[in-house]
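Tertiary structure, described
Listed below are the residues making up each chain.
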Amino acid sequence: MADYRARLSAREDRRRVIEALAPRALLGLYEGMVRFRLHDIALKRWVRQGIISKAWLGTGEEAVAIGTARALRAGDVVGPMIRNAGACHERGMPVADLLRAYLGTADQITRGRDLHTGDPARGIIPPNSMMANLVPVFTGIGLAIRRRGGRQVALTYVGDGASRTAAFHEGFNFAAVQRVPVIIVLQDNQVALGTRTESHSAAPMDLLHSAYGVPGDVCDGNNVLDVYAATAVLARRCRRGEGPFILTARTFRMGGHATHDDAEARRLFSPEHFRHWGRRDPIGTFEAYLMEDGPPLDGRRRAGAARRAVNRRLLAESEARVTAEVEAAVAAALLSRRSAMPEPEDAVRGVYAPAPAEAAGGAAKGRRPRVAGRRVSLSDVRG
Ligand SMILES: Cc1ncc(C[n+]2csc(CCOP(=O)(O)OP(=O)(O)O)c2C)c(N)n1
Ligand SMILES: [Mg+2]
């Protein structure tokens, strides 16, 4: 907690952002991280119950997705990695839709085709499984914003491993040359699949920006206030035309690459390493900070025991509210699994262009296009 507190006043520009946060915003950050953790627990439970085969979790890394997503404004664009589900719900996607993506139901935006999900209408660009492929996409989004004279910011994430790909290099190099309003959050969780960072990269993560001639910055990826403030400061600079930036957030993956290799991940790092990062749990530390040092969360003037009592009560109420919300989302998603699974023919519909039934308005009226009684042919795919 001493490290945590020291961070909050280490940088004057960030300190001002943090001090300006209203109680409602602080509770929002807390609820966002709890929502993300509970979303992941729901997925893990489904794996154990045999409902899904595996899940890619962000346990221990919640502060990165929540702090960054909440620092953006309406109209900004995010591009999460699969480990950043929290960025999706904090930018407006219902948790039930995130869960439906894993179940492959037809009443979700990917219509059961992919668990990588998002919602472009809400400014959430879905990832795909090729690491760092959103970097060139976001360079294009940034270029479009700049050419239209817009004031939005486009923010996407790469892992420490993904930051070493050709897609990252080509995409970000062009972003730097074009001076686009893009923030790349380098989520350094110290590992890529089963390879520790020191085995896949000789250069320090936080110096990557210098290879592209642009400014970079670092934040404590387990301290949601530091992540929030760092993002807010860079977003402001982006809106003034000073982007792009790389923001390195150091954190730690408290588990496997996905649920299937938890045991291997435990062998990859020492128990002491896990204990060290466990003590820095982003939710637990934020809760402790709010209890010990935070302002009265009801916005009234209170001190000492009265302040602690009200904060304890409001945090418990927040947790109960979000728990009920996620439980309802789990029930809604499981209901979709019983009632809204896609037809096999749907797999090839609208892949390249709207299929005839959709073009004729079928999809617009909410009807699922069908190719009844005959095999799907290439003409269905071409639309
Ligand atoms: C271009 C590409 N290469 C390899 C893979 C296989 N792969 C999937 S995730 C992963 C490691 C990702 O590590 P990192 O970027 O650090 O993200 P993290 O999973 O740690 O969040 C790899 C190698 C892939 N999906 N895409
Ligand atoms: Mg990684």
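Up top you'll find the structure we're talking about.
Source: prediction; values computed, not measured. Per-chain numbering applies: the sequence of each chain, read as written, is numbered from 1 onward. Here every chain gets a letter starting at A, and every ligand a number starting at 1, in the order they are written. Note on the predicted model: pLDDT of at least 70 is required for a residue's local features to be given, and 80 or more for side-chain atom pairs to be given and counted; whole-chain, interface and lining totals, by contrast, use all residues. Computation of side-chain values: all heavy atoms of the structure, hydrogens and water removed.

**Comments concerning the environment of Arg73**
A run of DSSP states H or I qualifies as a helix once it reaches four residues; a run of E qualifies as a strand once it reaches two. Both are numbered from the N-terminal end. When you line up the elements, Arg73 lands in the loop between helix 4 (62-71) and strand 1 (77-79). Judged by its relative accessible area of 48%, Arg73 falls in the partly exposed class. Considered as a pair, Arg73 and Gly92 are 19 residues apart in the sequence and their alpha carbons are 12 Å apart. Note on definitions: a residue-residue contact is assigned when non-hydrogen atoms from the two residues lie within 4.5 Å. If sequence neighbours within four positions are ignored, Arg73 has contacts with Arg91 and Arg239. When accessible area is computed with a 1.4 Å probe and restricted to protein chains, residues below 20% of their type maximum are described as buried, those above 50% as exposed, and intermediate ones as partly exposed.

**Some words on the packing of helix 6 (residues 95-103) against helix 14 (residues 304-339)**
At a closest axis distance of 8 Å, the pairing of helix 6 and helix 14 adopts a crossing angle of 40 degrees. The orientation of helix 6 with respect to helix 14, classified from their angle, is oblique. Note that helix 6 runs across helix 14; the crossing there is right-handed. Contact residues: helix 6 offers Val95, Ala96, Leu99, Arg100 and Leu103, while helix 14 offers Glu325, Ala329, Val330, Ala332, Ala333, Leu334, Ser336 and Arg337. Residues are grouped as follows: nonpolar covers Ala, Val, Leu, Ile, Met, Phe, Trp, Tyr, Cys and Pro; charged covers Asp, Glu, Lys and Arg; every other residue, Gly included, is treated as polar. Counted by class, the contact of helix 6 with helix 14 contains nine nonpolar, one polar and three charged residues. Only the stretch in contact is used when fitting a helix axis, every axis being a line fitted to C-alpha atoms; angles between N-to-C directions are given from 0 to 180 degrees. Any angle that is under 35 degrees is reported as roughly parallel, and any over 145 degrees as roughly antiparallel; angles of 65 to 115 degrees are reported as roughly perpendicular and all others as oblique. Crossings are assigned a handedness: left-handed for a near helix turned anticlockwise from the far helix by less than a right angle, right-handed for a clockwise turn.

**A few points about the pattern of salt bridges**
Basic side-chain nitrogens of Lys or Arg form a salt bridge, by our definition, when they fall within 4 Å of a carboxyl oxygen of Asp or Glu. Evaluation of the coordinates by the stated rule reveals 31 salt bridges. The residue Arg321 makes a salt bridge to Glu31 at a minimum N-O spacing of 2.5 Å. Of the two residues, Arg321 is situated in helix 14 and Glu31 in helix 3 (residues 23-48); the sequence distance between them amounts to 290 residues. We classify Arg321 as partly exposed; its relative accessible area is 48%.

**A few points about the site of ligand 1**
The near set for a molecule or strand comprises every residue that places at least one heavy atom within 4 Å of it. In the neighbourhood of ligand 1, 13 residues make up the surrounding shell, with Arg83, Ser129, Gly161, Ala162 and Asn189 lying closest. A distance of 2.7 Å is found between an oxygen atom of ligand 1 and a side-chain nitrogen or oxygen belonging to Arg83. Between N or O atoms, a polar contact is any pair within 3.5 Å; within protein, one atom must be a potential hydrogen donor and the other a potential acceptor, and residues adjacent in sequence are included only when both atoms are from side chains. At 3.2 Å from a nitrogen atom of ligand 1 is found a main-chain nitrogen or oxygen belonging to Met131. Reported accessibility uses the Shrake-Rupley method at a 1.4 Å probe radius. Residues are deemed covered only where the shown protein chains occlude them. Relative to its unbound accessible area of 580 Å², ligand 1 is 68% covered by the protein chains. The pocket occupied by ligand 1, as judged from atoms lying within 2 Å of grid points, is the largest pocket. Throughout, the protein atoms alone are placed on a 1 Å grid, and a set of points is a cavity if a 1.4 Å probe fits but cannot get out or a pocket if it is open with protein on both sides within 12 Å along at least five of seven lines; lining residues have an atom within 4 Å of a point. Any molecule with more than half of its atoms within 2 Å of a cavity's or pocket's grid points is regarded as sitting in that cavity or pocket.

**Some points on the coordination of the magnesium ion (ligand 2)**
In this structure, Asp160 (OD), Asn189 (OD1) and Val191 (O) serve as the protein donors to the magnesium ion (ligand 2), at separations of 2.0 to 2.2 Å. Donor selection uses N, O and S atoms within 2.8 Å of the metal (3.2 Å for Na, K and Ca). Since no water is included, sites may look incomplete. Between consecutive donor residues of the magnesium ion (ligand 2), the sequence gaps follow D-x28-N-x1-V. Linking Asp160 in the loop between strand 2 (154-159) and helix 8 (166-178) with Val191 in strand 4 (residues 191-192), this pair joins segments that are 31 residues apart in sequence. Of the two residues, Asp160 and Val191, neither departs from the other in class, the shared state being buried.

Function cannot be read off these values alone, since they describe shape.
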